[in-house]
Amino acid sequence: MINEKSLPSGRPEGRCPLNIIKVGGAVVEDEEQLSRLLRDFSAIEGKKVLVHGGGRRATKVAASLGIETKMVNGRRITDADMLEVVTMVYGGLVNKNVVARLQAVGVNALGLTGADVDVIRSHKRPLKNGIDYGFVGDVDRADGRMLSTLIEAGITPVMAPLTHDGEGNILNTNADTIAAETAKALAPYYDVTLTFCFEKKGVLSNPDDDDSVIPVITRDDFTRYVSDGTIAGGMIPKIENSLDAVAAGVKRVVITKADALGQQGGTVIE
């Protein structure tokens, strides 16, 4: 049992660093990329958290079961059948595979959904522009105190993109949101660096040029880039989550390529 007096005080001086790494489903589902990322993750010194996606695997499993995948603006419509699929895939197949692989490289990992120890609670998303997203959760709170307790006990949380509503219902929740909310909840206790890892070197000014990385994006930059179409699609909510995390006290947010973890580069969100 951890004595609460031993937890980080939340005072700005003397806080230790914490790295939160979010890895997308495309990386998780590629054996070579996943192996490298987990090795790089294991090499990060100190306290850390891993957040993963798994949408592509969920789509494949759903198809094998004859369940149609419906997407709106890059967001998965989660009816009752799809909820069963994502619960099995995110909370089971992907999460436990990652946890087992981390144990093999010396990381004492614990797989969590938001329902486990009530760590992330959400509410069912209301209709948006007439769209019913089904069993999709919008986060109400993440429990930084509980996560700190686990981290201080030498445990590395591995977060799946599932939450709960406190009334017995699991809800599908965007993995980028899980990462940002986890970072925000832990910011009072640690100097948090949040890194989003995906297939590109960072946010690109030209999608056809992998080297056109935008080094820094501020909120004003973001508004301008969305307006002129430089930033579009799924990158919009990723950067929105990043900006919210910075505003909530997260020390540093970086968007970079999975194989560049721990290196300089990528796009810093300020």
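For every chain, the first residue of the written sequence is number 1, and numbering continues from 1 onward in sequence order. Whole-chain, interface and lining totals are the exception, using all residues; otherwise, since this is a predicted model, local features are given only for residues with pLDDT of at least 70 and side-chain atom pairs are given and counted only at 80 or more. Only hydrogens and water are set aside; all other atoms, that is, all heavy atoms of the structure, feed into the side-chain values.

**Remarks on the nonpolar core**
In a soluble, globular protein the nonpolar side chains are often hidden away together inside.
Stage number 1. The definition of a nonpolar core used throughout is a set of buried Ala, Val, Leu, Ile, Met, Phe, Trp, Tyr and Cys residues joined through side-chain atoms within 4.5 Å. Residue burial is assigned from relative accessible area. The probe radius is 1.4 Å, only protein chains are included, and a residue is buried under 20% of its type maximum, exposed over 50%, and partly exposed in between. Counting 39 residues, the largest nonpolar core has I20, M159, L186, L194, I217 and I239 as the members making the most contacts within it.
Stage number 2. If one sorts the elements of this core by residue count, helix 6 (residues 175-186) sits on top with 5 residues.
Stage number 3. Within the second largest apolar cluster, 31 residues are counted, among which are L37, V98, V99 and L102. Numbering of helices and strands runs from the N terminus; a helix is a DSSP stretch of H or I covering at least four residues, while a strand is a stretch of E covering at least two.

**With respect to helix 4 (residues 80-104)**
Stage number 1. Expected helix span is computed as 1.5 Å times (number of residues minus one). Taking 1.5 Å of rise per residue, the 25 residues of helix 4 would be expected to cover 36 Å, and the 35 Å separating its terminal C-alpha atoms lies within 8% of that figure.
Stage number 2. The quantity called bend is, for any residue, the angle between two axes fitted respectively to the seven residues ending at it and the seven beginning at it. The axis of helix 4 is deflected most strongly, by about 35°, at N95.
Stage number 3. Every buried residue belonging to helix 4 is among M82, L83, V85, V86, V89, Y90, G91, V94, N95, V98, V99 and L102, and all of these are buried.
Stage number 4. The N-cap residue of helix 4 is D79: its side-chain oxygen and the backbone nitrogen of D81 are 3.3 Å apart.
Stage number 5. Immediately beyond the C-terminal end of helix 4, within one or two residues, lies G106, with a positive phi of roughly 85°. A 3.5 Å cut-off defines polar contacts: any pair of N or O atoms within that distance qualifies, except that in protein one atom must be a possible hydrogen donor and the other a possible acceptor, and neighbouring residues in sequence count only when both atoms are side-chain atoms.

**Describing helix 8 (residues 235-247)**
Stage number 1. For helix 8, with 13 residues, the first-to-last C-alpha span of 18 Å sits near the 18 Å given by 1.5 Å per residue.
Stage number 2. Among the residues of helix 8, those classed as buried are M235, P237, K238, I239, N241, S242, L243 and A245.
Stage number 3. Phi turns positive, to about 110°, at G249, one or two residues after helix 8.

**A closer look at the packing of aromatic side chains**
A ring pair, where both rings are aromatic, is described by two values, the distance of the centres and the angle of the planes.
Stage number 1. When two rings of Phe, Tyr or Trp (its six-membered ring) have centres within 6.5 Å they constitute a pair, described as stacked for plane angles under 30 degrees, edge-to-face for angles over 60, and tilted for the intermediate range. Going through the model one piece at a time under the given rule, you end up with 0 aromatic pairs.
Stage number 2. In this structure, K48 packs its charged tip against the face of F41, placed 5.1 Å from the ring centre. Charge-over-ring placement is defined geometrically: NZ (Lys) or CZ (Arg) within 6 Å of the ring centre, and within 35 degrees of the ring normal.

**Here's the deal with the side chain of K238**
Stage number 1. If you trace the backbone, K238 turns up in helix 8.
Stage number 2. Among the residues examined, K238 registers a relative accessible area of 9% and is labelled buried.
Stage number 3. In this structure the side chain of K238 is engaged in a polar contact, spanning 3.0 Å, whose partner is the side chain of D176.
Stage number 4. Any pair of residues with heavy atoms lying within 4.5 Å of one another is described as a contacting pair. Excluding residues that lie within four positions of it along the chain, K238 makes contacts with K22, D176, F196 and I255.

**Points about the pattern of salt bridges**
Stage number 1. By salt bridge we mean one thing: a side-chain nitrogen of Lys or Arg within 4 Å of a carboxyl oxygen of Asp or Glu. Under the definition given, this model contains 16 salt bridges.
Stage number 2. For the salt bridge of D132 with K124, the shortest nitrogen-to-oxygen distance reads 4.0 Å.
Stage number 3. Overall, D132 belongs to the partly exposed group, its relative accessible area being 46%.
Stage number 4. Between K200 and D210 there is a salt bridge whose closest N-O contact spans 3.4 Å.

**Notes on the sheet that holds strand 8 (residues 156-159)**
Stage number 1. In this analysis, strands are considered paired if DSSP registers two or more bridges between them. The mixed open sheet is built from 8 strands, whose spatial order is 5-8-2-1-11-13-14-12. Edge positions in the sheet fall to strand 5 (109-112) and strand 12 (216-217), since each has one partner strand and no second.
Stage number 2. Bridge count for strand 1 (residues 17-23) against strand 2 (residues 47-52) is 6 bridges, and the pairing is parallel. Looking across to strand 2, one finds that I21 is bridged to L50.
Stage number 3. Contacting strand 1, strand 11 (191-198), strand 12, strand 13 (252-257) and strand 14 (267-269), helix 8 crosses the sheet at an angle of about 150° to strand 13. Axes here mean lines fitted to C-alpha atoms, for a helix over just the part in contact, with angles spanning 0 to 180 degrees between N-to-C directions.

**Observations regarding unusual backbone geometry**
Stage number 1. Its identity as a non-glycine residue notwithstanding, V117 has a phi of 45°, on the positive side.
Stage number 2. By the element assignment, V117 lies in the loop between strand 5 and strand 6 (120-124).
Stage number 3. Located in the positive-phi region is D118, a residue other than glycine, with phi close to 55°.
Stage number 4. Looking at the element boundaries, D118 is found in the loop between strand 5 and strand 6.

**Description of the environment of R224**
Stage number 1. Inspection of the secondary structure assignment puts R224 in helix 7 (residues 219-228).
Stage number 2. A sequence separation of 59 residues divides R224 from D165, and the C-alpha atoms of the two residues are 36 Å apart.

**Some remarks on the packing of helix 5 (residues 144-152) against helix 6**
Stage number 1. Interhelical geometry of helix 5 versus helix 6 gives an angle of 85° and a closest axis separation of 8 Å. As summarised for this structure, helix 5 and helix 6 are arranged roughly perpendicular, according to the angle between their axes. Taking contact as the criterion, the partners of G144, L147, S148 and I151 in helix 5 are, on helix 6, T182, A185 and L186.
Stage number 2. Residues are sorted three ways: Asp, Glu, Lys and Arg are charged, Ala, Val, Leu, Ile, Met, Phe, Trp, Tyr, Cys and Pro are nonpolar, and all the rest, Gly among them, are polar. Tallied by class, residues from the contact of helix 5 with helix 6 come to 4 nonpolar, 3 polar and no charged. Oblique is the label for any angle not under 35 degrees, not over 145, and not in the 65 to 115 range, which are roughly parallel, roughly antiparallel and roughly perpendicular in turn.

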